[in-house]
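# Survey of secondary and tertiary structure
Here is what each chain is made of, one letter per residue.
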Amino acid sequence: MRLSGIAVLALGLTVGCSGAHAEERGKESQFHFRVGKVSGSYSGPVSGTFSVSNSLDFEGEFFTAPKTSWTFRSILAHDLSAGRMMYAYAGVGHNWYLWSDRVKMDAPDGATSFSSIPRWRYYIGADIGISQAIVYTYSPVLQAVSVLIDFGGHCAVIYQVNRSFGIEGQFGYTMGFGFSSVSVGATTNRFLFGVSYYL
């Protein structure tokens, strides 16, 4: 009986020690690539609108907690028919995930890992950066541009296809305040669709 008790105790300690090495962690970074329509209007010394349906959006996202992250983003709205970069943006932002978080993994040392993959992920966010917009065209090679401080918000949904790959839709709205020699105020709308990929 004493030997059996010692054996059970030793087994329990072994399992407990093995479990102590288990580590729950999550994917720490994510890359987004989106394509879609960026449209805007501006007013000031000159007024007008622009709309580019083939805009490109590149974003790197770095998680600081299961439901929050920092982002670095660049948007290029190049009008192919006119051959002009109508709008360009670069900035930083912060995302908050709602009702779900990043992909989680429970990875014991030397054992099979387990993943927790939310099928749908929702988030809202805010970003601020510098943008440049063409506000007046004098000729095919000469145009006036305005440089602005842009800030705004966005909301999005991601359908997680597998552990790394997701399909995403995002809507955003920003306001811009010019500070260059041609200074205008502007608003933009972003309707973007694309993919997300955990790194």
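Residues numbered from 1 in each chain as written. Predicted model: local features only at pLDDT ≥ 70, side-chain atom pairs only at ≥ 80, totals over all residues. Heavy atoms only, no water.

Across its full length, the chain holds one helix and 11 strands. Helices and strands in the chain line up, N terminus first, as α-β-β-β-β-β-β-β-β-β-β-β. Counting across all 199 residues of the chain, residues that qualify as buried make up 39%. Partitioning the intrachain contacts of the chain with sequence separation of at least 6 by distance along the chain shows that 62% fall at a separation of at least 24. A total of about 10700 Å² of accessible surface is found on the chain, and carbon and sulfur atoms cover 67% of it. (Helix = DSSP H or I, 4+ residues; strand = E, 2+ residues; numbered from the N terminus. Buried < 20%, exposed > 50% of the residue type's maximum accessible area, 1.4 Å probe, protein only. Contact = heavy atoms within 4.5 Å. Areas by Shrake-Rupley, 256 points an atom, 1.4 Å probe, with all protein chains shown as cover.)

Before going further, it helps to examine the environment of Phe-62. With respect to the helices and strands, Phe-62 occurs in strand 3 (residues 48-65). Along the chain, Phe-62 and Glu-28 lie 34 residues apart, while their C-alpha atoms are 6.0 Å from each other. Non-local contacts of Phe-62, meaning those with residues more than four positions away in its chain, are made with Glu-28, Ser-29, Ser-69, Trp-70 and Phe-72.

Across soluble globular proteins, you tend to see nonpolar side chains buried next to one another. The biggest cluster of nonpolar side chains holds 17 residues, and the ones touching the most others in it are Val-38, Tyr-42, Phe-50 and Tyr-87. Counting only elements with at least two residues in this core, the list comes to strand 2 (29-43), strand 3, strand 4 (68-79), strand 5 (84-98), strand 8 (120-139), strand 9 (142-160) and strand 11 (185-198). If we ignore the near neighbours within four places in the chain, the residues touching Tyr-87 are Val-38, Phe-50, Ile-75, Leu-76, Ala-77, Ser-131, Gln-132, Ala-133, Asp-150, Thr-174, Thr-188 and Arg-190. Tyr-97, Ala-156, Ile-158 and Tyr-198 belong to the second-largest nonpolar core, a separate cluster that totals seven residues. (Core = buried A, V, L, I, M, F, W, Y, C linked by side-chain atoms within 4.5 Å.)

Across all of its chains, the model carries six salt bridges by this definition. One salt bridge in this structure joins Asp-127 and Arg-73, with 3.7 Å as the shortest N-O distance. Separated by 54 residues along the polypeptide, Asp-127 in strand 8 and Arg-73 in strand 4 bring together distant segments of the chain. The exposure class assigned to Asp-127 is buried, which follows from its relative accessible area of 6%. Arg-190 is the partner of Asp-127 in a salt bridge, and the nearest nitrogen-oxygen pair spans 3.7 Å. Residue Asp-127 is found in strand 8, and its partner Arg-190 is found in strand 11; the two are separated by 63 residues along the sequence. Across the pair, exposure class does not vary: Asp-127 and Arg-190 are buried alike. (Salt bridge = Lys/Arg side-chain N within 4 Å of Asp/Glu carboxyl O.)

Applying the stated criterion across every chain yields a total of 11 aromatic pairs. Measuring from ring centre to ring centre gives 5.9 Å for Phe-151 and Phe-177, while their planes differ by 15°; the resulting arrangement is stacked. Taken together, the residues Phe-151 in strand 9 and Phe-177 in strand 10 (residues 165-178) connect sequence positions 26 residues apart. An aromatic cluster of at least three residues, connected via ring pairs, comprises Phe-63, Tyr-97, Tyr-123 and Tyr-198. (Phe/Tyr/Trp six-rings, centres within 6.5 Å; stacked < 30°, edge-to-face > 60°.)

In this structure the tally under the stated criterion is one cavity of 30 Å³ or more. Taken together, Tyr-42, Phe-50, Tyr-87, Ser-131, Ala-133, Val-135, Leu-148, Asp-150, Gly-176, Val-184 and Ala-186 make up the lining of the largest cavity. Looking at the lining of the largest cavity, the elements that each hand over two or more residues are strand 8 and strand 9. For the lining of the largest cavity, the leading source of residues is strand 8, giving three residues. Looking at the lining of the largest cavity, its residues break down into eight nonpolar, two polar and one charged. (1 Å grid on protein atoms, 1.4 Å probe; cavity = no way out; pocket = protein on both sides within 12 Å on 5 of 7 lines; lining within 4 Å. Points joined across faces, edges and corners; volume = space filled by probe spheres on them. Nonpolar A, V, L, I, M, F, W, Y, C, P; charged D, E, K, R; others polar.)

Note that strand 2 and strand 3 share 13 bridges and pair antiparallel. Bridging across to strand 3, Ser-39 finds its partner in Ser-51. Hairpin geometry of strand 2 and strand 3 is characterised by an intervening segment of four residues between the two adjacent antiparallel strands and by a positive phi of about 150° at Gly-44. In this structure, strand 3 lies alongside strand 4, joined through nine bridges in antiparallel fashion. Of the residues in strand 4, the one forming a bridge with Asp-57 is Ile-75. (Pairing = 2+ DSSP bridges.)

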